Amino acid sequence: MTRVSTAARDGGYTFAYLDEQTKRMVRRAILKAVAIPGYQVPFASREMPLPFGWGTGGIQVTASIIGRDDTLKVIDQGADDTVNAVSIRAFFARTAGVPTTTRTQDATIIQTRHRIPETPLRAGQILVYQVPIPEPLRWLEPREAETRRMHALQEYGVMHVRLYEDIARYGHIATSYDYPVRVNGRYLMRPSPIPKFDNPKMDRSPALQLFGAGREKRIYAVPPHTGVRSLDFDDHPFEVQKWDQACALCGSTASFLDEIVTDNQGGRMFVCSDTDHCETRVRAGHVESAAGGRDPGGP
Amino acid sequence: MACDDRPLLSARGLTRYYGRILGCRDVNFDIWPGEVLGIVGESGSGKTTVLKCISARLEPSAGTVTYDTRTEGPVDIHRISEPARRLLMRTDWGFVHQDPRDGLRMAVSAGANIGERLMAVGARHYGQIRETATNWLGKVEMDTGRMDDLPCTFSGGMQQRLQIARNLVTAPRIVFMDEPTGGLDVSVQARLLDLLRGLVSDLGLAAVVVTHDLAVTRLLSHRLLVMRHGTVVETGLTDQVLDDPQHPYTQLLVSSVLHP
Ligand SMILES: Nc1ncnc2c1ncn2[C@@H]1O[C@H](COP(=O)(O)OP(=O)(O)O)[C@@H](O)[C@H]1O
Ligand SMILES: [Mg+2]
Ligand SMILES: [Zn+2]
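Criteria and thresholds
Sequence order sets the numbering: in each chain, residues are counted from 1 along the sequence as written. Whichever chain is written first becomes A and whichever ligand is written first becomes 1, with later ones labelled in order. Per-residue local features are limited, in this predicted model, to residues with pLDDT of at least 70; the limit for side-chain atom pairs, both in listing and counting, is 80 or more; totals at the level of whole chains, interfaces and linings are taken over all residues. The basis for every side-chain value is the complete set of heavy atoms in the structure, and neither hydrogens nor water enter the calculation. Only protein chains enter the calculation, and the probe is 1.4 Å; a residue is then buried if its accessible area is under 20% of its type maximum, exposed if over 50%, and partly exposed in between. Per the convention used, a helix needs a DSSP run of H or I reaching at least four residues, while a strand needs a run of E reaching at least two, with both numbered from the N terminus. Between any two strands, pairing holds if DSSP finds at least two bridges. To define axes, lines are fitted to C-alpha atoms, for helices over the stretch in contact only, and angles between the resulting N-to-C directions are given on a 0 to 180 degree scale. Residue contacts follow a heavy-atom distance rule, with two residues in contact if any of their heavy atoms lie within 4.5 Å. Buried area: the accessible surface (1.4 Å probe) lost by two parts on joining, summed over both. Each reported salt bridge corresponds to a side-chain nitrogen of Lys or Arg within 4 Å of a carboxyl oxygen of Asp or Glu. Each polar contact in these results corresponds to two N or O atoms within 3.5 Å; when the atoms are within protein, one needs to be able to donate a hydrogen and the other to accept it, and residues that are neighboring in sequence are counted only if both atoms are side-chain atoms. Multiply 1.5 Å by the residue count of a helix minus one, and that product is the helix's expected span. Here the term donor refers to an N, O or S atom within 2.8 Å of the metal (or 3.2 Å for Na, K and Ca), and because water is left out of the atoms, sites may appear incomplete. A four-donor site is classed as tetrahedral when every donor-metal-donor angle falls between 85 and 135 degrees; four donors are called square planar, and six octahedral, when trans pairs exceed 155 degrees and all remaining angles lie between 65 and 115, with any other arrangement labelled irregular. The nearness test applies per residue and asks whether one of its heavy atoms lies within 4 Å of the molecule or strand. Under the convention used here, a 1.4 Å probe and the Shrake-Rupley method define accessible areas, while residue burial counts only the protein chains that appear. Asp and Glu count as negative and Lys and Arg as positive, but His and the ends of the chain are not part of the count.

1. Focus on the pairing of strand 9 (residues 223-228) of chain B
Residues and elements named next belong to chain B.
At step 1: Burial runs high along strand 9: five of the six residues are buried.
At step 2: Inspection of the sheet shows strand 3 (residues 36-40) paired to strand 9 by four bridges, in the parallel sense. Counted as the bridge partner of Val 40 is Val 226 from strand 9.
At step 3: Examined bridge by bridge, strand 9 and strand 10 (residues 231-237) share six bridges and lie antiparallel to one another. Residue pairing across strands places Leu 224 opposite Gly 236, the latter belonging to strand 10.
At step 4: Where strand 9 hands over to strand 10, the hairpin turn is made up of two residues, of which His 229 adopts a positive phi near 50°.

Next comes the structure, spelled out in structure tokens:
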């Protein structure tokens, strides 16, 4: 088909940059991914006007699903204002002319690198992850044909070898990012380098979760309300990161905190990595008191 | 159901070509539960080819390999489903490679190497996996204090012991070994052979040991196949074959060992 996009054109781009044929190809991969939760679907990844490592997989997924009625949010490590997030947001604002937002609850599509927002997602929202390495078994098996066979036969015991090794070395499961999960009791999946703190948010989320790996040419998905279980041992159950202090700005004790350096004297403080969540709380009057009173987080 | 009055494994008409090159031709034998079979012959005679075909790592061009499984009784290992075959390979069978790097995960600790098969069949209790792995290190006479060390920090002989422990942890019924003592010093070889002999008899294991070293086979195997140019030229009880070889090639092989 050669139907020209009816969408807004800007500087010669079709709506959301990708041509219609490419979008249809990506959508077919997405549909297959949704039909087989956690299964990595190969797709013909295109050249994008951004370097690999900038989320070209996620961008192609977003470009293929975004419509005129959508509102886009882009985060990088939880923040909306990093170079990566700003560039991707500007890219879609220009090529698709869609409104963008920093507010989680106002977005219909959220493209993310390294975090899941603290504000619980709702039905109808789509979370698009940027994935650098999609294959969870790659660390031990370099051959693609063999990892495919291992997935087909659910030979996942070796993943526990890695967790075993963590405990033997550190006394606990030290893996804290890109923590392996089993989707819908079937496929082993890498959730991309989000902190394991975010893993429980994937489980039975009402939102659709799509994962795009540009360089590795893979798309996978977790459909709404799908079980996502983090691997563990009976005597070393899965646990998320914890902090012994609250966010220095909004007082939340339930969000993922980043340590930031505040001055040249080595002063440091812990603040929410999700900037929208933190600002929303501050605006709503949750301010960390001088006495250090704690305020449970939440939206 | 598996049974003690029929062979554990049978090869019939086993033939394998690599393109036009002959690997082995029309090889027939049975292995009984608890029996150790040696396969000897000079380099290139087809020993490794036979071992790979009977352990499902190589598909024969013709012939069958029947294995008496615990639950289904005898099955043709090249005809059963891939999941069933791979399950057999990592539970009921063991493989000891000449080069430990082919049989060990070099990037993870000794304990993880031993625990892997347990985790592959569903073990999810770290403490229990570790305890079992420690026991096995002891059984292969390794220092249990080195549980968390990487294989590359062990000597060649110790790496072979680790390979053996890693295989035996799921209580396999048959172990396939390709030149298990090759490349080791003579004194290290002797101690490894002693250990293997003890384990095989204590555990009632069946084993197939491929070697070009008749001394190894004299120590380990009950019965012997002598191969030359891809075919079996003589077979019999180990002592019989080595003390009173019938085939001219076997006579040559034996005499070259006795009078190097
Ligand atoms: N992958 C292969 N490709 C081609 N020829 C092979 C291959 N493997 C073995 N051969 C040939 O098959 C014959 C038997 O080899 P092999 O079974 O390795 O003997 P052995 O283990 O007794 O040394 C030899 O002639 C060898 O060169
Ligand atoms: Mg060989
Ligand atoms: Zn905060």
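Additional details are given in the paragraphs that follow.
2. Considering the sheet that holds strand 5 (residues 73-76) of chain B
Residues and elements named next belong to chain B.
At step 1: As summarised here, the arrangement of the four strands in space is 2-1-4-5, forming an open sheet in which the pairing is antiparallel. This sheet does not close on itself; its edge strands, each paired only once, are strand 2 (21-31) and strand 5. On average, adjacent strands in this sheet sit at an angle of 20° to one another, irrespective of strand direction.
At step 2: Summarising the sheet, strand 1 (residues 9-18) and strand 4 (residues 62-69) pair through five bridges and their orientation is antiparallel. The partner of Arg 12 across the bridge, within strand 4, is Thr 64.
At step 3: Contacts between helix 1 (residues 47-54) and the sheet are confined to strand 1, strand 2 and strand 4, with strand 1 contributing the most and set at about 120° to the helix.

3. Concerning the interface of chain A and chain B
At step 1: Counting residues at the interface gives 20 residues for chain A, matched by 22 residues for chain B.
At step 2: Taken together, both faces of the contact between chain A and chain B bury some 1800 Å²; the carbon and sulfur share is 61%.
At step 3: At the junction of chain A and chain B, the tally comes to four salt bridges.
At step 4: Scanning the region where chain A abuts chain B turns up twelve residue pairs in polar contact (both at pLDDT 80 or more).
At step 5: For the side of chain A that touches chain B, the elements supplying multiple residues, two or more each, are helix 4 (144-152) and helix 5 (157-170) of chain A.

4. Some points on helix 5 of chain A
One full turn of an α-helix is made of 3.6 residues, so residues set three or four places apart face in the same direction.
At step 1: End to end, helix 5 of chain A covers 20 Å across 14 residues, agreeing with the expected 20 Å (1.5 Å per residue, within 8%).
At step 2: Counting buried residues along helix 5 of chain A, eleven of its 14 residues qualify, which places the element largely inside the surrounding structure.
At step 3: Those residues of helix 5 of chain A that sit buried are Gly 157, Val 158, Met 159, His 160, Val 161, Leu 163, Tyr 164, Glu 165, Asp 166, Ile 167 and Ala 168 of chain A.
At step 4: Against helix 4 and strand 6 (187-189) of chain A together with helix 4 (110-120) and helix 5 (126-139) of chain B lie the buried residues of helix 5 of chain A.
At step 5: Following helix 5 of chain A by one or two positions, Gly 171 of chain A adopts a phi angle in the positive range, close to 85°.

5. Describing the coordination of the zinc ion (ligand 3)
Residues and elements named next belong to chain A.
At step 1: Those donors, Cys 247 (SG), Cys 250 (SG), Cys 272 (SG) and Cys 278 (SG), are the protein atoms that reach the zinc ion (ligand 3), and they lie 2.2 to 2.3 Å from it.
At step 2: Coordination at the zinc ion (ligand 3) is tetrahedral: its four donor atoms span angles of 103 to 118° at the metal.
At step 3: Read N to C, the donor residues that coordinate the zinc ion (ligand 3) are spaced as C-x2-C-x21-C-x5-C. Placement of the pair is Cys 250 in the loop between strand 9 (228-230) and strand 10 (257-261) and Cys 272 in strand 11 (residues 268-272), with a sequence separation of 22 residues. Each member of the pair, Cys 250 as well as Cys 272, is classed as buried.

6. What about the pattern of salt bridges?
When charged atoms on two side chains of opposite charge get close, those side chains can pair.
At step 1: Under the defined criterion, the tally for this structure stands at 35 salt bridges over all chains.
At step 2: Of the charged contacts, one joins Arg 138 of chain A and Glu 144 of chain A as a salt bridge, the two residues approaching to 2.4 Å between their closest N and O atoms.
At step 3: By sharing partners, the salt bridges in this structure join Glu 146, Arg 149 and Glu 155 of chain A together with Glu 82, Arg 86 and Arg 90 of chain B into a single network.

7. As for the site of ligand 1
Residues and elements named next belong to chain B.
At step 1: Within the structure, ligand 1 sits among Tyr 18, Ile 21, Leu 22, Gly 23, Glu 42, Ser 43, Gly 44, Ser 45, Gly 46, Lys 47, Thr 48 and Thr 49.
At step 2: At 2.7 Å from an oxygen atom of ligand 1 is found a main-chain nitrogen or oxygen belonging to Gly 44.
At step 3: Gly 46 is positioned with one of its backbone polar atoms (N or O) 3.0 Å from an oxygen atom of ligand 1.
At step 4: Its free accessible area being 550 Å², ligand 1 has 60% of it covered by the protein chains.
At step 5: Of all the secondary-structure elements, those providing two or more residues to the shell around ligand 1 are strand 2 and helix 1.

8. Re the environment of Gly 285 of chain A
Residues and elements named next belong to chain A.
At step 1: In this fold, Gly 285 is placed in the segment after helix 7 (275-283).
At step 2: Judged by its relative accessible area of 54%, Gly 285 falls in the exposed class.
At step 3: Distance from Gly 285 to Cys 250, taken between C-alpha atoms, is 8.3 Å for residues 35 residues apart in sequence.

9. Regarding the side chain of Arg 89 of chain A
All names here are of chain A.
At step 1: Its location among the elements puts Arg 89 in helix 3 (residues 83-95).
At step 2: Buried and unpaired, Arg 89 has Asp 80 as its nearest opposite-charge partner, separated by 4.2 Å.
At step 3: Polar contacts involving the side chain of Arg 89 include one to the main-chain carbonyl oxygen of Asp 80, which spans 2.9 Å.
At step 4: With sequence-adjacent residues up to four places away left out, Arg 89 is seen in contact with Val 74, Asp 80, Thr 100 and Thr 101.

So, to be careful, I would describe these as geometric facts and stop short of saying anything about function.
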